[in-house]
Structures are given as C-alpha cells and as structure tokens.
4 protein chains.
Amino acid sequence: MKVIIENTIDEMSMTAMQHLLGYMYRHKRVNLSITGGTTPGRMYEMLVPMVKGKDCFSNVHYYNFDEIPYRAENREGVTISGLRSAFFTPADIAEDNIHVLNQYNYTSQDERIAADGGLDMILLGVGADGHYCGNLPGTTHFGDKTVKVACDDRIKNRLAEEFEGVTEHIPDYYITMGPRSIMDAGSLVMIASGTKKAGIVKQLVDGIVDEAVPATLLTLHPRFTLIVDKDAASLL
Amino acid sequence: MKVIIENTIDEMSMTAMQHLLGYMYRHKRVNLSITGGTTPGRMYEMLVPMVKGKDCFSNVHYYNFDEIPYRAENREGVTISGLRSAFFTPADIAEDNIHVLNQYNYTSQDERIAADGGLDMILLGVGADGHYCGNLPGTTHFGDKTVKVACDDRIKNRLAEEFEGVTEHIPDYYITMGPRSIMDAGSLVMIASGTKKAGIVKQLVDGIVDEAVPATLLTLHPRFTLIVDKDAASLL
Amino acid sequence: MKVIIENTIDEMSMTAMQHLLGYMYRHKRVNLSITGGTTPGRMYEMLVPMVKGKDCFSNVHYYNFDEIPYRAENREGVTISGLRSAFFTPADIAEDNIHVLNQYNYTSQDERIAADGGLDMILLGVGADGHYCGNLPGTTHFGDKTVKVACDDRIKNRLAEEFEGVTEHIPDYYITMGPRSIMDAGSLVMIASGTKKAGIVKQLVDGIVDEAVPATLLTLHPRFTLIVDKDAASLL
Amino acid sequence: MKVIIENTIDEMSMTAMQHLLGYMYRHKRVNLSITGGTTPGRMYEMLVPMVKGKDCFSNVHYYNFDEIPYRAENREGVTISGLRSAFFTPADIAEDNIHVLNQYNYTSQDERIAADGGLDMILLGVGADGHYCGNLPGTTHFGDKTVKVACDDRIKNRLAEEFEGVTEHIPDYYITMGPRSIMDAGSLVMIASGTKKAGIVKQLVDGIVDEAVPATLLTLHPRFTLIVDKDAASLL
C-alpha cells in the first residue's frame, strides 16, 4: 500500500491524473477501468484537454466496473451515462474503445476482460462506509466475481440520489465487479477527498481487513495506491 | 487464479520447478521466497542439478518467509535448516544470496525486502487446515505484516513434529510473514499433493475467502497459481 | 544479454522449453512467436506432451514471424507447415490460437500484433551467417518492419533446401518480420547448437553490432537470452 | 516507437514530467537516469514542487548516464553539477538516492546498475547531430557499454561551451554509458524541442538506423517514446 497525501483536492486530482496518464502512455494496448461520481470530477476536467484529439491514446480501452440500470431499460445506465458526460464525450473517446457493462453482458465480463489481456489499472473512489464500485457493505463477499446484486429497500433508498429522487427509475438490481474481479487488475488506485472520508481513510491505512468495510481488502493488492487530500487524511 | 492439475506428484513437481525457473531465468536481480517441508521435496531433487554451478542464476536471491527458532538459540531455525539441506547446500547457492529471517531481524523484514526491490515470486505449500507459512488458523489476521506469533499449547503440540518430538527444542514463539506481506509479492505459486489436501484444494477453488482458512485469501492475488496432483484435485 | 551454456542439445532444448513455459504459464493472454527449423526439433518433442490437452494453456496465442510461400499459392507456406507438423498439430493447439503470416496479410502484421497486446516473447534460431527469421544478410535493414523480400538467385539457391530441391516450388519472394518488428517484442530467446554455429555465437557474445550479421542487433534488446550447447559455445 | 507531439515546450515539458512521474509513483524501488542540459529545464521547474518533501518518492534512485569531468579533478563534473542545480538540490533528493558516475567508478557502472535491479527508465535529450548522452557520432559503437571516450580537438571544441569557454577546464576524456547500456533499460523517453531539432526528429521517425546518427538505434527499443514540440516536429 502506497499512501500519497496532497494539500488540496486540486492537487489530489492532478496526482490521480498523473497516475492514470502513467498507464495511458504505455506502448501496447492498455485496458483501464475508471470511476464516475463526484470525487474524480476535477480530475476529468484536467484530463479532457490532455487527451482530446491525441493519437497517442488510441490504444487505451475503457471497461465499466459497475452499472445501475434504469428500471425502464430503454436507456443506458447511471454509471456509463456519468462517464460519458464527464470524460468519454468531451474527450472524444472512440466508441470502439468503450466497453460497457450491463445487465445483458455481465456474466461474461470477467471472461471478456481476460481475453482482452486483463485490466492494467482500476481507478476507484471509496464511500464513507467503505464501499467501492457496487460493493456496498453486506452485498458482496471477498470471493465474488462480477455479480448482479438485488436491491433491498436500504439500497433503493441509497440509490434514490443517483436518480435525483425519481423513484420510478430505481431498479430492482444493479451490476458490479466483485472483490475478486477488482483484485485481478494489475494495479489499483483509490482516491478520496474531504473530511467525511477521513474515517474510512484511517481504516484503510490502519490496515485491518474486514468484509464489513469492503475497501479494506484492496489494501492487500500488491500495487494499491491511495491518493487523498489533507481533509481526507485528517485522522491519520 | 490459475489452477493446474497434473497426474502425479512427479509431474506436479516438474511443473512447479518450471514456474520457479521462469522467474530464475530473468535478466535482472530476482528475489524469491521458497517453501521447505515435504511437498516440494521432489521438486528440489529435480532443481538441484539444473541450478548447481550455473552462472546464469547468480542474480537470484532467496528470502525466508517464516522461521521456527530452536528454544536454545545457538543454532539456525527449522525453516532455514530445512531449505539448506533440501536446496541451498546441494545447489551451492552463495551465502550472499540467502537472506535469512529470524527473531533478531523480523521487524525489518518487510522494509528490507522493499529496499531490495520486492519479492518477484513466492512458492508456498498449504496445510490441510488452510495454513501457509506460519499463518495457522487463529494466529494472524489478513491485515498482518511480518510478525512474531506466541505459541500456545495447541501450536506447541503441532510443532513437536518439526522437532522430532524433542520437546525442549520447541520455542515459545515463531516468526512468519503475514498475509499482507505475502500478498505484496509479484506472484504466488502454491503446490499441493495427496488426498489429504483434497479438501483444502476444493475450498481454494470454490473461492470463498475466510480468515479461518488462511490460504483462501491468496486466491485473490492477481497472479496466484495453484499446482496440484490428481489426488489433491480429487474433490474438484 | 544473458548467455546460458548447456552440455548437450537435449539440455539446451529443455532449458529453451523452460523459458517458453515461463511465458506460457502466465495468467493473462500470452502472445508468442516461435521458430521452426531443425534446431528446436528436440524441444518440441519434449513440449508436446506437456502442452497437449492442458486447459491452462488456452490463453497462449502463436504468431508466425516469417513465411516462405510455395510458388503455386494453393497451399500453406513452408514455415507454418513446419510448425504445424512439429508442434501445433501434435499438441492440439486450437486453430483460433494460431495467427498465420502470409503474402496476403503481411502489411497488417505489425498492426494486428499491437492490437492484440504485442508479442510477449519470440523464440528464434540463428544461422551460421547471422540470419534470423527471414532477415538474411543483405535483405533487410535494422529499421525495417514486416516486409516482403524479393528472392534473387542467391536466395533461391538457399531456399532450394526448404523445398527439397523441387525448384518449381521456389517463390519469387518471401515474408519476414524485420529487425524493428522483432525488437518490439517483450523478450527474445535465441537458441543455437552444434559446432557450425560456434562462429556466430562468438560474434553475438563479443558484442559488435553489424548489419551484415543481422542477429548481432538482437543482443541489444533489454531482455535477450542466448541458449547454446557446448559445441555452439566452443569458441567462447 | 511512440511519438507524442505537443504544441509548446511547456506542454512537452509537462508530458515528459508525466512520463517520469508514471515511473516515480511505482511501489517498489525505482531506478531512473535523467538528462541534464537545456531541453529539460522547464520540466524540472514543474517537477521540483511536485517532488520536494514528498515521502512517496523515497524509493526513487537516480543514476548518472554520463559525466564530463573538470580537468582539475577536485570538483564534481559538469553533468552531476547540472543535475544538482536543476533538480536534486531544489527537490531535496537524499544523497543516498543519487548514484554518481565518474572517472573512478565507470568500469563498474553496468554491474552496479544490474545489481540494483536495472534502470526502469532513462530520460534523454538528443542533439541535432543525433548524439545522446556522450554518444557523439564517431565516438561509440552500437555494441559499447559504459566507456571512457578520449577527447580529440573536435570534441574539445564542442565541450568548450559546457565549460563556458574556460579551456583549462576541458578534460582529455569523458565518460558515457554506451548504446548497449542505454538499450538495457526498461524504457526510454526522449525529448526534443525547437526547429533546430526538426531534422534529427524526422530521421528518428523515418526509422533508418545508422551508427553515424547514434540516436536512431534507440528507436528500436521495445519501449521508446519520443516527445517533441511542434517546432521539433515541423518536418514530419
């Protein structure tokens, strides 16, 4: 586990982007899985102008690591939609380089990734409760691969926010790469910012591994890097 | 997780040796940690004539991953003694390339390995109870690095065999790299043979990760290979 | 450059096979290019029983690095035919894992390999004149990628042997990955046996790089291993 | 060969820095060799504040790839002095992480680097004449390792600039890692800016490899990246 503490969310975003670019500049095909959500927002703002229109990134492929489908299944899910608007669309990433995950193809996700050479790196956020991707406490076990998770009321309540409160959009299940699939990547980079992440960051650095706090497992990956801002590091 | 099933212990030993050689032939410094005990005995018999006197292996370094000291501390411990007689001495490995672990230096083991570039590969056995190195059920937690483990009576009884029943040799503690230190290696290769390992091999392949069965964690390493003979695979 | 000297062609073949297996056992997709001809004959005899019917090698893909087409183009060329009979057919390699190179697809060879993740390793022989693949002295330059080489009379005379003297089979051109394409692989392993290779082996080890002796360039690859028997090493 | 064209020297410097950081952020010991001179000046200005005082870079080691000693040998040479003032001193790099090359230790340079695990990356500039490090046209051959080069009058005239015209400082020889030593690194990154580099950049991209233009060899390295600004790319 490598821990990098930056002063501000801007510096954290820049350092995260530099990690990402370190993989993107490789010569051969590069397979990445990158997080949506709010934490990486500033990073994508910095990254877009560096990537847009550059031939040297044509060998970089992107794989979704989770998906929350809309109940009415006639539109793309929340995760891919967020990634498109934050990065893929403004950076003009070719559709051929975007590998979506959804309720129709999730059972072959691990196999498809292996056939394509495996993921070189996954960039993840972490929740205050220790969740990452769709691995919320109590939903997946350390040994799980890519799975469909049934949404109970507790989860549906949490998902309400993703659907801006439009409850008829909230689905009965979502898809996520499980702990085993995530651990199979070449490298893991996790980002966290803000004081409400200070508790989970302390737990990760303390190093107790506990299935009730899913992200603690990832600290055992041989190339796990945690990049945080000062607020998220305030309990260290 | 990659699982390789061989017909006999001889073929399993050859395949394990080929994995080992795949690392040993690398161009730059190679850091390995290899298991003692009975399972790899045949493998070392095959390996010794291939390694002895060969200049091309002078860049290979060996690090112990555990040690059971003699109570009277004026002699080397059980693990290093076993490795010397099975491999280091008959293969003429230079003393400079052997990095012992003991009660005097264990607190700096993880740091020394990192400064030397990390372990490229660890070759491990597994017990019927799921233990590996000195990570017996109930002794270490998934998050532990290299530690000193106090021996209670249960453990002392188990150790009696290592000391051929000479109970005054049995120590009050032993040393082991913990799960976190083991997971930090570049690759893990685990070997198992015989029907008494069939149960644990099934558990490993089934993929449920449980601290009560320590080796189940290692299946989450991005480069974990399990090599077994037909008897050990009989429950798959 | 790493040089490994073995006593006999059998030991050289075993060591070459172990190098090959070190790559073949990897977890993710592995792309190899392996040599035909007489030098590796014994190696393939050893390798076939180790590979045939083993699921754990289903991620290994094979790419031809050269091809001498028959003049009448209604049959496969000399190189792929040789590899099929020495290894692919007896080892039951799936057709999907065999990527042929020929006069119809050679212009996209480098691009296809890059899209598939690059070659992890190339196993090569070497001629007494320093040629490797179809890079005969005077045919390609160090900077060349995959090319079609026109056959002048000198080359046609040399090729006669490949066609067992049936001169109407000898083509007007052949295909080869050039020095630049070969150097682009992750690792290079070269094998040589017998006293008639002693001169070129000495040149390789001496380390003078000269386009008139094509293989001398390969010694500059960061992971170049030369495996020879005692006869081939007799001038060292 | 990967070619990256940036609009300005500032963007080129940032991209070069990102390549460097991609290696510096690795978990285990990282061995780098980085260029002095004028081309990387802006890059070091950007890099210093990102590195200074950061614990996460304590595993990064720096090895000089050439040295021009002062004739009076009681002071450090031109290369290390330049690197100290541009980067090591302002970034507070620990003396233990700086591995100088000089007239007293050059014969063991290649061996020391190998024992330390090899160079992970070399960042190089290129001269309009195709020289890199001290590999000026006519001084070293493709097969050379680290060597001492005698300075004839032509070279002494060129060196005058390095010594600001103080001719009594100009030495009779200098030290450089040769082409073979440079090619042995894990990755090579070359930077060039300005119209006077446009000719050599065109030669590198055209891909003819010629000992009279030393840097052309480096394009054959399996991980060679060339980063240039628009002016240096103006002939492409």
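Refer to the structure printed above.
In this report, we go over the structure that sits alongside the text. (Residues numbered from 1 in each chain as written. Chains lettered and ligands numbered in written order. Predicted model: local features only at pLDDT ≥ 70, side-chain atom pairs only at ≥ 80, totals over all residues. Heavy atoms only, no water.)

### Concerning the overall build of chain A
Then, number 1: Counting secondary structure elements, chain A contains seven helices and 10 strands.
Then, number 2: Its C-alpha atoms give chain A a radius of gyration of 17 Å, near enough to 18 Å, the size a compact globule of 236 residues would have.
Then, number 3: Seen through its principal axes, chain A has C-alpha atoms that stretch 40 × 40 × 30 Å.
Then, number 4: Burial statistics for chain A: of 236 residues in total, 60% are counted as buried.
Then, number 5: Considering only intrachain contacts with a sequence separation of at least 6, the fraction spanning at least 24 residues in chain A is 79%.
Then, number 6: Of the accessible surface of chain A, which amounts to about 9,100 Å², a share of 50% is contributed by carbon and sulfur atoms.
Then, number 7: Treating the 22 positive side-chain charges of chain A as one cloud and the 31 negative ones as another, the clouds have centres 4 Å apart. (Helix = DSSP H or I, 4+ residues; strand = E, 2+ residues; numbered from the N terminus. Rg over C-alpha atoms; globule rule 2.2 N^0.38 Å. Buried < 20%, exposed > 50% of the residue type's maximum accessible area, 1.4 Å probe, protein only. Contact = heavy atoms within 4.5 Å. Areas by Shrake-Rupley, 256 points an atom, 1.4 Å probe, with all protein chains shown as cover. Lys, Arg positive; Asp, Glu negative; His and termini not counted. Charge placed at Lys NZ, Arg CZ, Asp CG, Glu CD.)

### Details of the relation of the copies chain A and chain B
Then, number 1: After a rotation of 180 degrees and a shift along the axis of 0.0 Å, chain A superposes on chain B with an RMSD of 0.0 Å. Between the two chains, the operation in question is that of a two-fold axis. Taking C-alpha positions as the reference, the residue of chain A nearest the rotation axis is A:H221, at 3.4 Å. (Least-squares fit on C-alpha atoms with pLDDT ≥ 70 in both.)

### Side note on the interface of chain A and chain D
Then, number 1: Counting residues at the interface gives 25 residues for chain A, matched by 25 residues for chain D.
Then, number 2: Of the roughly 1,800 Å² buried between chain A and chain D on both sides combined, carbon and sulfur atoms contribute 57%.
Then, number 3: On the chain A side of the interface with chain D, the three residues burying the most area are A:K2, A:Y25 and A:H27, jointly 39% of the side's total.
Then, number 4: At the junction of chain A with chain D, the criterion picks out two salt bridges.
Then, number 5: The partner of D:K54 in a salt bridge is A:E6, and the shortest N-O contact between them spans 3.3 Å.
Then, number 6: One can count 17 residue pairs in polar contact (both at pLDDT 80 or more) joining chain A with chain D.
Then, number 7: Looking at the side of chain A that touches chain D, the elements with two or more residues in it are β1 (2-6), α1 (9-24) and β10 (224-229) of chain A.
Then, number 8: Residue contributions to the side of chain A that touches chain D peak at eight residues, all from α1(A). (Buried area = accessible area lost by both parts, 1.4 Å probe. Salt bridge = Lys/Arg side-chain N within 4 Å of Asp/Glu carboxyl O. Polar contact = N/O pair within 3.5 Å; in protein donor to acceptor, adjacent residues only side chain to side chain.)

### A few points about the pattern of salt bridges
It is possible for side chains bearing opposite charge to pair when their charged atoms get close.
Then, number 1: The tally for this structure, following the rule as stated, stands at 44 salt bridges over all chains.
Then, number 2: Here D:D129 makes a salt bridge to D:R158, at a shortest N to O gap of 2.6 Å. Of this pair, D:D129 sits in the loop between β6 (121-124) and β7 (147-150) while D:R158 sits in helix α5 (residues 153-159), and the two are 29 residues apart along the sequence.
Then, number 3: Taking the relative accessible area as the measure of exposure, D:D129 reaches 26% and is therefore partly exposed.
Then, number 4: Residue classification places D:R158 among the partly exposed residues on the basis of a relative accessible area of 34%.
Then, number 5: Each of A:D10, A:R42 and A:E45 takes part in a single network of salt bridges with overlapping partners.

### Notes on the packing of helix α1 (residues 9-24) of chain D against helix α2 (residues 41-51) of chain D
Packed helices, taken two at a time, are described by the angle between their axes plus the distance between the axes.
All names here are of chain D.
Then, number 1: At their nearest, the axes of α1 and α2 sit 8 Å apart, and the two run at 45 degrees to each other. The orientation of α1 with respect to α2, classified from their angle, is oblique. Once α1 is placed against α2, the crossing between them reads as right-handed. Taken together, the residues of α2 that come into contact with α1 (itself represented by D10, S13, M14, A16, M17, L20, L21 and M24) are R42, M43, M46, L47, M50 and V51.
Then, number 2: The class makeup of the residues in the contact of α1 with α2 is 11 nonpolar, one polar and two charged. (Axes fitted to C-alpha atoms, helices over the stretch in contact; angles between N-to-C directions. Parallel < 35°, antiparallel > 145°, perpendicular 65-115°, else oblique. Left-handed = near helix turned anticlockwise from the far one by under 90°. Nonpolar A, V, L, I, M, F, W, Y, C, P; charged D, E, K, R; others polar.)

### Remarks on unusual backbone geometry
Then, number 1: Positive phi values are uncommon outside glycine, yet B:E164 reaches one of about 50 degrees.
Then, number 2: Counting through the fold element by element, B:E164 comes out in the loop between α5 (153-159) and β8 (173-176).
Then, number 3: The class for B:E164 is exposed, based on a relative accessible area of 73%.
Then, number 4: Located in the positive-phi region is C:C133, a residue other than glycine, with phi close to 45 degrees.
Then, number 5: Structurally, the position occupied by C:C133 is in the loop between β6 (121-124) and β7 (147-150).

### Regarding the packing of helix α2 (residues 41-51) of chain A against helix α3 (residues 78-88) of chain A
Residue and element names in this part refer to chain A.
Then, number 1: α3 packs onto α2 with a crossing angle of 60 degrees between their chain directions and a minimal axis gap of 9 Å. Between α2 and α3, the interaxial angle falls into the category oblique. Across from Y44, L47, V48 and V51 in α2, the residues of α3 making contact are L83, A86 and F87.
Then, number 2: Looking at the contact of α2 with α3 residue by residue, the class counts come to seven nonpolar, no polar and no charged.

### Some points on the sheet that holds strand β8 (residues 173-176) of chain D
Residues and elements named next belong to chain D.
Then, number 1: Spatial ordering of the open sheet is given by β4-β8-β7, a layout of three strands whose pairing is antiparallel. On the outer flanks of this sheet lie β4 (66-67) and β7, each paired with one strand and no other.
Then, number 2: Pairing between β4 and β8: two bridges, direction antiparallel. Directly across from E67, in β8, lies its bridge partner I175. (Pairing = 2+ DSSP bridges.)

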